[in-house]
Amino acid sequence: MGFAGGRYQNARGAPPPPNAACPAGGFALAAAGSLLRGSARCVPPGVEVPESPQRLFLVSYLGSVVAYFTSAKFLLYLGHALSTWGDRMWHFAVSVFLVELYGNSLLLTAVYGLVVAGSVLLLGAIIGDWVDKNSRLKVAQTSLVVQNASVILCGIILMMIFLFKTQLLTLYHGWLLTMCYILVITIANIANLASTATAITIQRDWIVVVAGEDRSKLADMNATIRRIDQLTNILAPMAVGQIMTYGSPMIGCGFISGWNLMSMCVEYLLLWKVYQKTPTLALKSAKVEESELKQLNVKKECDMKPAEGVQLIVEKDVTGFEPQQEKEISCAARIAEPFITFRDGWVAYYNQPVFLAGMGLAFLYMTVLGFDCITTGYAYTQGLSGSVLSLLMGASAVTGIMGTVAFTWLRHKCGLVRTGLISGVAQLACLVLCVISVFMPGSPLDLTVSPFADLSARLFESEPLPTIVSPEDKSEMVFATGMSNLLNGSTTPANSDPEMSPEPVPLISVSLLFAGVIAARVGLWSFDLTVTQLLQENVVESERGIINGVQNSMNYLLDLLHFIMVILAPNPEAFGLLVLISVSFVAMGHIMYFRFAQKTLGKQLFVCCTPDPKAVSDSSPPGNTSTV
């Protein structure tokens, strides 16, 4: 309700209905300051009343709140939060389930991780191409349903295995149970591939369209998405971990399956609402049809010249489109199509103007300086307890959120490209602490021990694998770092000599290591957001899916290499070398980004507080404008 010409009227312009307590023709008006208490006074007909600032402010405030909570941006945040929460619960729980099922062995978990990484590495470009060739709503809904249905099915199968594991072991000499393990890993891998498609279409495409031409809004939305990721990374595993601790693994399976079923329905509705509120999301299919018409009519293509930077991609499609139509019936062409897509995706990725920036981000995955199972295991060998590690993980989440805040501030002050440069310098400066920790007291680094000693002993000298140690031999078991039974909280055995017990490991080295890792998260996440927005702004809409699919493949490739590096040098004495190698790869990644920034900005690279120049001419259409 409001005032029009000084006379009190409702939203449609008509005076409010008469009140029974007022004279004929009059109406009740709430007094200033008494709007919420319900008191009102009668206003005679035809009498003008002054505007109430409190009422106008309240109406305006409530209207803005309602508008925000019903906006496409908030609905996108809500859908991403639900999706990420379910993903984090599942990724945490499936590793625990596989360890629990296989007799406290990491074999199934390792196989699952290898299958997931290898699948995204090989199929990332094909998934991205599928995202590009189909309408946005179809891609989002299909990947959502496939992902959640796969998780639900996996949860049901795991529940059946937990219930009837003893019976399954006796059937067909245990082969039926092995087939169940293979089925679980396969379906879980399908869920991860569908999750990859969802991430590409929502975080790399939908968010750009919802933000429109406002790059500041796009930066804020990217930062908010990362904050949601950081929070769910900590809270979701904690929630499902409590359920599995106080319940059972079977109850955890049932909870995750039920959560994904309800979440799928809500996310499906949210996607539909965002699609309805953003009409430009429906323009993708029309654009595909237009490109097909251009390919059939060369004259029309000459008349409608595409933007510089998009021209090469369109010409590439023109040359390759007709032979595909001729061979469409051929079975061999259908078999070869995924391989051609794989090749074309990597070639297109290499030809992107932001190729060096994307490679720089991928090189940051070749590191042991993160809160993964490798660093956690090393921390256990250094005497850190689980409670301390959980606090450190919480601190890393806080610094990650600080990185998203720093990204928005730096981008506003110095521009997008310079933000990545500053973030890289900040990350490397913090990682210097990790390098120093390698040479501090308490570090297990021993250059006299070959990094491959443990591996060569097992492969070539037939050394048996470690087994469970008997109680009388526990006193002789000492870690290379000097820590023994203190790691799991047990006391020194009675038959051991107190004078011969190992001294506690100094915590200076491990403290510096984790201080550097936690502090570096500020620069890491700011740099990640920078490269993400560079890919969003500089990759044309028709290739947005396949380029981001290849980027995911590159990330997984370097992540695989870092696991292989640990497999080759698994002993604690070699962890210091792994730290130095990791810092070297991070430095190489930032050197690549520096080269990209130098090519983009030239002499203006070190001129701060100036906007970044455009990477394409002003004649480019708004939809394909590429800026850095």
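Residues numbered from 1 in each chain as written. Predicted model: local features only at pLDDT ≥ 70, side-chain atom pairs only at ≥ 80, totals over all residues. Heavy atoms only, no water.

### A closer look at the overall build of the protein chain
Rule in force here: Strands here mean DSSP runs of E at least two residues long; helices mean DSSP runs of H or I at least four residues long; both are numbered from the N terminus. For every residue, the accessible area obtained with a 1.4 Å probe (protein chains only) is divided by the maximum for its type, and the residue is called buried under 20%, exposed over 50%, and partly exposed between those limits. Here, residues are in contact when the closest pair of their heavy atoms is within 4.5 Å. Residue-level accessible areas treat just the shown protein chains as cover; the underlying method is Shrake-Rupley with a 1.4 Å probe.
Regarding its fold elements, the protein chain presents 19 helices and four strands. Here the protein chain, with 628 residues, has 44% of them falling under the buried criterion. Put simply, of all contacts in the protein chain between residues at least 6 apart along the chain, 77% involve residues at least 24 apart. With the model as given, the accessible surface of the protein chain reaches about 32,000 Å², and the carbon-plus-sulfur share is 67%.

### A few points about the packing of helix α5 (residues 175-211) against helix α7 (residues 249-277)
For clarity, the cut-off: With axes taken as lines fitted to C-alpha atoms, and helix axes fitted only over the stretch in contact, angles between N-to-C directions fall between 0 and 180 degrees. It is the rotation of the near helix from the far one that decides the hand of a crossing: anticlockwise by less than a right angle makes it left-handed, clockwise makes it right-handed. All residues other than Ala, Val, Leu, Ile, Met, Phe, Trp, Tyr, Cys, Pro, Asp, Glu, Lys and Arg, Gly among them, are scored as polar; the first ten of these are nonpolar and the last four charged.
Packing of α5 against α7 leaves a shortest axis separation of 10 Å and a crossing angle of 35 degrees. Here α5 runs over α7; the crossing is left-handed. Mapping the contact onto sequence places Ile202, Trp206 and Val210 in α5 and Leu271, Val274 and Tyr275 in α7. Class assignment of the residues belonging to the contact of α5 with α7 gives a composition of six nonpolar, no polar and no charged.

### Some points on the nonpolar core
Using the following cut-off: Residues belong to one nonpolar core when they are buried, are Ala, Val, Leu, Ile, Met, Phe, Trp, Tyr or Cys, and are joined through side-chain atoms within 4.5 Å.
Val368, Leu369, Phe514, Val579 and Tyr593 are the most contacted members of the largest nonpolar core, which totals 65 residues. At 13 residues, helix α17 (residues 508-538) tops the list of elements feeding residues into this core. Those residues in contact with Phe514 that lie beyond four places of it in its chain are Phe371, Thr375, Ala379, Leu384, Leu389 and Leu392. Of all hydrophobic cores here, the second largest spans 29 residues; its members include Tyr112, Tyr181, Val184 and Ala191.

### Overview of the packing of aromatic side chains
Note the threshold: Between rings of Phe, Tyr and Trp, where Trp is taken as its six-membered ring, a pair exists when centres lie within 6.5 Å; planes separated by under 30 degrees are stacked, by over 60 edge-to-face, and by other angles tilted.
This structure, assessed with the given rule, holds 16 aromatic pairs. Relative to Tyr593, the ring of Phe527 lies with its centre 5.1 Å away and its plane at 75 degrees, an arrangement referred to as edge-to-face. Separated by 66 residues along the polypeptide, Phe527 in helix α17 and Tyr593 in helix α19 (residues 575-601) bring together distant segments of the chain. Classification of Phe527 as buried rests on a relative accessible area of 0%. Taking 5.6 Å as the distance between ring centres and 50 degrees as the angle between the ring planes, the aromatic pair formed by Tyr593 and Phe596 counts as tilted. With Tyr593 and Phe596 both in helix α19, this residue pair falls three residues apart, about one helical turn. Here a set of aromatic residues connected by ring pairs shows up, and it is made of Phe342, Trp346, Tyr349, Tyr350 and Phe355.

### With respect to the pattern of salt bridges
Short version of the rule: Whenever Lys or Arg places a side-chain nitrogen within 4 Å of a carboxyl oxygen from Asp or Glu, that contact is recorded as a salt bridge.
Applying the stated criterion across every chain, the model contains seven salt bridges. Two residues, Asp205 and Arg136, come together in a salt bridge whose shortest N-O distance is 2.8 Å. With Asp205 in helix α5 and Arg136 in helix α4 (residues 136-170), this residue pair connects regions lying 69 residues apart in the sequence. Close ionic contact of Asp229 with Arg226 constitutes a salt bridge, the shortest N to O distance being 3.7 Å. Of the two residues, Asp229 and Arg226 both sit in helix α6 (residues 215-246), three residues apart, roughly one turn of that helix.

### Section: α17
The condition is simple: A helix's residues, less one, multiplied by 1.5 Å, set its expected span. To get the bend at a residue, fit one axis to the 7 residues ending there and another to the 7 starting there, then take the angle between the axes.
A rise of 1.5 Å per residue sets the reference length of α17, with its 31 residues, at 45 Å; its end C-alpha atoms lie 45 Å apart and thus fit the reference within 8%. At Arg521, α17 is bent by approximately 35 degrees, the largest bend along its length.

### Thoughts on the side chain of Asp132
Tracing the sequence through the fold places Asp132 in helix α3 (residues 107-133). Excluding residues within four positions of it along the chain, Asp132 makes contact with Lys284, Glu541, Ser542, Glu543, Arg544, Gly545 and Ile546.

### Concerning the confidence of the model for the protein chain
Keep in mind that low pLDDT regions are not for reading the predicted coordinates in detail. Stated precisely, the cut-off is as follows: pLDDT: the predictor's confidence for each residue, scored from 0 to 100.
The pLDDT averaged across the protein chain works out to 76; a share of 71% of its residues lies at or above 70. By mean pLDDT, the top-scoring element of the protein chain is helix α12 (residues 355-363) (95), and the lowest-scoring one is helix α9 (residues 298-303) (37). A low-confidence stretch, residues 285-327 stays under pLDDT 50, and its non-local contacts, those more than four residues away or across chains, total 27 contacts. Contacts of residues 461-501 to residues separated by more than four positions or lying in other chains number 38 contacts, the stretch itself having pLDDT below 50.

### Focus: the packing of α6 against α17
Each pair of packed helices can be described by the angle between their axes along with the distance between the axes. Applied cut-off: Roughly parallel covers angles under 35 degrees, roughly antiparallel covers those over 145, roughly perpendicular covers 65 to 115, and oblique covers all other angles.
For the pair α6 and α17, the least separation of the axes is 10 Å and the interaxial angle reads 135 degrees. It follows from the interaxial angle that α6 and α17 lie oblique. Note on packing geometry: the crossing formed by α6 with α17 is right-handed. Judged by residue contacts, Arg215, Leu218, Ala219, Asn222, Ala223, Arg226 and Gln230 of α6 engage Trp525, Asp528, Leu529, Thr532, Gln533, Gln536 and Glu537 from α17. Each residue belonging to the contact of α6 with α17 can be placed in one class, and the counts come to five nonpolar, five polar and four charged.

### Concerning the side chain of Ser83
Summarising the element assignment, Ser83 is placed in helix α2 (residues 72-101). By relative accessible area, which is 12% here, Ser83 ends up buried. Contact partners of Ser83, with chain neighbours within four places excluded, come to Gln147 and Glu267.

### Examining a nonpolar patch on the surface
The line we're drawing: The residues that make up patches have over 30% relative accessible area and no salt bridge, and they are joined within 9 Å when like-charged or within 5 Å when they are Val, Leu, Ile, Met, Phe, Trp or Tyr.
Together, Tyr102, Leu107, Val111 and Val115 give the surface a local cluster of nonpolar side chains, amounting to about 300 Å² of exposed area. Along the polypeptide, Tyr102 turns up in the loop between α2 and α3. Overall, the relative accessible area of 37% leaves Tyr102 in the partly exposed class.

### A short note on the environment of Lys273
The topology assignment puts Lys273 in helix α7. Taking C-alpha positions, Lys273 is 7.4 Å from Ala72, a pair spaced 201 residues apart along the chain.

### Digging into the state of the cysteines
Where we set the bar: In plain terms, two cysteine sulfur atoms within 2.5 Å form what is called a disulfide here.
Going through the model one piece at a time under the given rule, you end up with zero disulfides. Note on Cys253: no disulfide assigned, nearest cysteine sulfur contributed by Cys154 at a separation of 9.3 Å. What makes Cys253 buried here is its relative accessible area of 1%.

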